[in-house]
Number of protein chains: 2
Amino acid sequence: MGKQMADKTIREPLSRERVLAAAVALADAEGVKALTMRRLATDLGVEAMSLYFYVPSKEALLDGVLGTVFAELAAAAPEPAEGEWRTRLRRRFLAARAVMLRHPWAPGLLTTRGTIPPDVFAYFDWIVGTLLDAGFSHHLAHRAIHAFGSLPFGFAQEVFSPAAAGGSLDPDTAEADLAALAEALPHITAMVAHEMHGAGDPTLGWCDSQVEFEFTLDLLLDGLDRLRARR
Amino acid sequence: MGKQMADKTIREPLSRERVLAAAVALADAEGVKALTMRRLATDLGVEAMSLYFYVPSKEALLDGVLGTVFAELAAAAPEPAEGEWRTRLRRRFLAARAVMLRHPWAPGLLTTRGTIPPDVFAYFDWIVGTLLDAGFSHHLAHRAIHAFGSLPFGFAQEVFSPAAAGGSLDPDTAEADLAALAEALPHITAMVAHEMHGAGDPTLGWCDSQVEFEFTLDLLLDGLDRLRARR
DNA sequence: ACCTGAACACCGTTCAAGT
DNA sequence: ACCTGAACACCGTTCAAGT
């Protein structure tokens, strides 16, 4: 996929933007682990050391990559500025989620690197402003920011994804494995059984992360709204 | 700190447990980035290749490291099995937080690696069981698990930590910088100003993450309790 | 069974050199 | 100004060899 980029028929001049865009594309296609200076260079039809002309180091490259993702996030939210505060926040968080789904590696990279892209501050300032407009005290707005966690970025750090859970079930021993699983984890097994309405394989597809994202978001918004009204 | 470990005066035989314990200690002391096969080996007073006798690969080493952290988490929660469901969950989540504070690198490692330590499943089964006992439907228990996010592990993925925010303020230009900041981020600046009761430097210490962790946790527990009662 | 030494492929990065 | 080649220090890992 990135191979055609090495095509030198035209070879327009490199630029920081092109480097970062290629880096994002590479991470999207093959994961952030494949994003290496040498590999990125060959994708761009250039030698590895040329990249250092546009990026001081790999760490800076990663920061730049995160920066472009959040620029994308800012661009994806045209901000109608109309409607209730809850729907405004909701709309924007869901827009962020759409962006993150295109860059599944971004959350992990964000938590790994300590740095925060500059656009994020403006984003949070908008969130705080929206809360204050809605009658939140500064104190409650502060609490709300923390409570939101990573929801403003469109991802809930759910560690218990079904993909990571029962990913490797040997078809031969699956039945015995499931029986052992039911014994070791009775409550989870019962819960999964209840939640699987309709036919579907047991390991995948019983979680609709979109629905659950919105549930969590609404749960928090409801709770905050209740605290806001109570004073 | 790990240097003394290279002392070969006694040199009791290596073992998988010792290797993993040394790896955790190294990550605690110098971060997960310093945890390299070669460095870990010298800490243990041994050659790098010897580690492969106890661990098949570095990826497996990292998984093992996560495993020991979560074993620690399981051991830290003696589970009195008494009290209301909310206090039981609260107690356990806060115990998890105490463990994670000792291993600040663990959350990032957990999200980076796709794998989930086996102990985690039993842990979540206990959570689900506690919810079901309290009268939660299977459906709501499922939603709750997702809503909790990474709170059961004792960390909220708060991206907006003040440390990462204003970490590098040049003392010479701090005043001008703060003025520019106030213009660019008016709402956040106002919020910080309101939240800083008492004297303290502007960049640090205005967030008490313990308090905010508990606030978020209670907010979720309250919301879930309300949904539970409503049927 | 447990540990080592040399070697391989792959990193990020420096530096002098090309155009 | 932009790009390259060779080189350095550092990875994870293999493999034959030591005890």
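For the structure, see preceding data.
Along every chain, residues carry numbers that run from 1 in the direction the sequence is written. Written order determines the labels here, with chains lettered from A and ligands numbered from 1. Local features in a predicted model are, by the rule used here, given only for residues with pLDDT of at least 70; side-chain atom pairs are given and counted only at 80 or more, and totals for whole chains, interfaces and linings are based on all residues. To obtain the side-chain values, all non-hydrogen atoms of the structure were used and water was disregarded.

Caption draft 1: Highlighting the packing of helix α7 (residues 138–148) of chain A against helix α11 (residues 209–229) of chain B. At a minimum axis distance of 9 Å, the contact between α7 of chain A and α11 of chain B shows a crossing angle of 80°. Between α7 of chain A and α11 of chain B, the angle falls in the class roughly perpendicular. On α11 of chain B, the residues touching Leu140, His142, Arg143, His146 and Ala147 of chain A of α7 of chain A are Val211, Glu212, Phe215, Thr216 and Leu219 of chain B. Simply put, an axis is a line fit to the C-alpha atoms, just over the touching stretch for a helix, and the angle between two N-to-C directions goes from 0 to 180 degrees. Put simply, DSSP H or I for four residues or longer makes a helix, DSSP E for two residues or longer makes a strand, and each gets a number counted from the N terminus. Put simply, angles under 35 degrees are roughly parallel, angles over 145 are roughly antiparallel, angles from 65 to 115 are roughly perpendicular, and the rest are oblique. In this analysis, two residues are considered to be in contact whenever any of their non-hydrogen atoms come within 4.5 Å of each other.

Caption draft 2: Just the protein's contact with DNA strand C, in detail. What surrounds DNA strand C is a group of 15 residues, the closest being Thr36 and Arg38 of chain A together with Glu47, Ser50 and Tyr54 of chain B. We call a residue near a molecule or strand when any one of its heavy atoms sits within 4 Å of it. In DNA strand C, atoms within 4 Å of the protein come from the sugar-phosphate backbone in 60% of cases.

Caption draft 3: Structural detail: the packing of aromatic side chains. To pair, rings of Phe, Tyr and Trp, with the six-membered ring standing in for Trp, must have centres within 6.5 Å; the planes then decide the type, stacked if under 30 degrees apart, edge-to-face if over 60, and tilted in the middle. Under the criterion given, the structure shown has 16 aromatic pairs over all chains. Note on tyrosine 123 of chain A and phenylalanine 153 of chain A: the rings are 6.4 Å apart at their centroids and 70° apart in plane angle, and the pair reads as edge-to-face. Taken as a pair, tyrosine 123 of chain A in helix α6 (residues 118–133) and phenylalanine 153 of chain A in the loop between α7 and α8 (162–165) lie far apart in primary sequence, 30 residues in all. Residue burial is assigned from relative accessible area. The probe radius is 1.4 Å, only protein chains are included, and a residue is buried under 20% of its type maximum, exposed over 50%, and partly exposed in between. Here tyrosine 123 of chain A falls in the buried class, since its relative accessible area comes to 4%. Centre to centre, the rings of phenylalanine 53 of chain B and tyrosine 54 of chain B are 5.5 Å apart; their planes meet at 70°, and the pair counts as edge-to-face.

Caption draft 4: Inspection of helix α10 (residues 186–195) of chain B at higher detail. Looking only at α10 of chain B, the buried set comprises Ile188, Met191, Val192 and Glu195 of chain B. Seen end-on, α10 of chain B carries its buried residues on one side only, within an arc spanning 95°. In α10 of chain B, the exposed residues that point more than 90 degrees away from the buried face are Ala193 and His194 of chain B. Its buried side turned inward, α10 of chain B meets α6 and α7 of chain A. The directions considered for the arc are those from the helix axis to the C-beta atoms.

Caption draft 5: Focus on the relation of the copies chain B and chain A. To line up the copies, we fit them by least squares on C-alpha atoms, keeping just the residues with pLDDT of at least 70 in both. Laying chain B over chain A is done by rotating through 180° and shifting 0.0 Å along the axis; what remains is an RMSD of 0.0 Å. Classification of the inter-copy transformation places it as that of a two-fold axis. In terms of proximity to the rotation axis, the leading residue of chain B is glycine 223 of chain B, whose C-alpha is 3.1 Å off the axis. In this assembly the copies share their binding face: 100% of the residues contributing to the interface of chain B also contribute to that of chain A.

Caption draft 6: Seen up close, the side chain of arginine 143 of chain B. Take arginine 143 of chain B: it is sitting in helix α7 (residues 138–148). Under this rule, positive means Lys or Arg and negative means Asp or Glu; His and the chain ends count for nothing. Each reported salt bridge corresponds to a side-chain nitrogen of Lys or Arg within 4 Å of a carboxyl oxygen of Asp or Glu. One buried charged residue, arginine 143 of chain B, forms no salt bridge at all, with the nearest opposite charge on glutamate 212 of chain A at 4.3 Å.

Caption draft 7: Spatial organisation of the protein's contact with DNA strand D. Close contacts around DNA strand D come from 15 residues, with Glu47, Ser50 and Tyr54 of chain A together with Thr36 and Arg38 of chain B the closest. Each atom of DNA strand D within 4 Å of the protein was assigned to sugar, phosphate or base; sugar and phosphate come to 59%. Between DNA strand D and the protein, one listed contact pairs a phosphate oxygen with a side-chain N or O atom of tyrosine 54 of chain A at 2.4 Å. Of the residues that constitute the surface near DNA strand D, the class distribution is 8 nonpolar, 3 polar and 4 charged. What qualifies as a polar contact is a pair of N or O atoms within 3.5 Å, subject to a donor-acceptor requirement within protein and to the restriction that residues adjacent in sequence count only when both atoms come from side chains. Ten residues, namely Ala, Val, Leu, Ile, Met, Phe, Trp, Tyr, Cys and Pro, are considered nonpolar, four, namely Asp, Glu, Lys and Arg, are considered charged, and the remaining ones, Gly among them, are considered polar.

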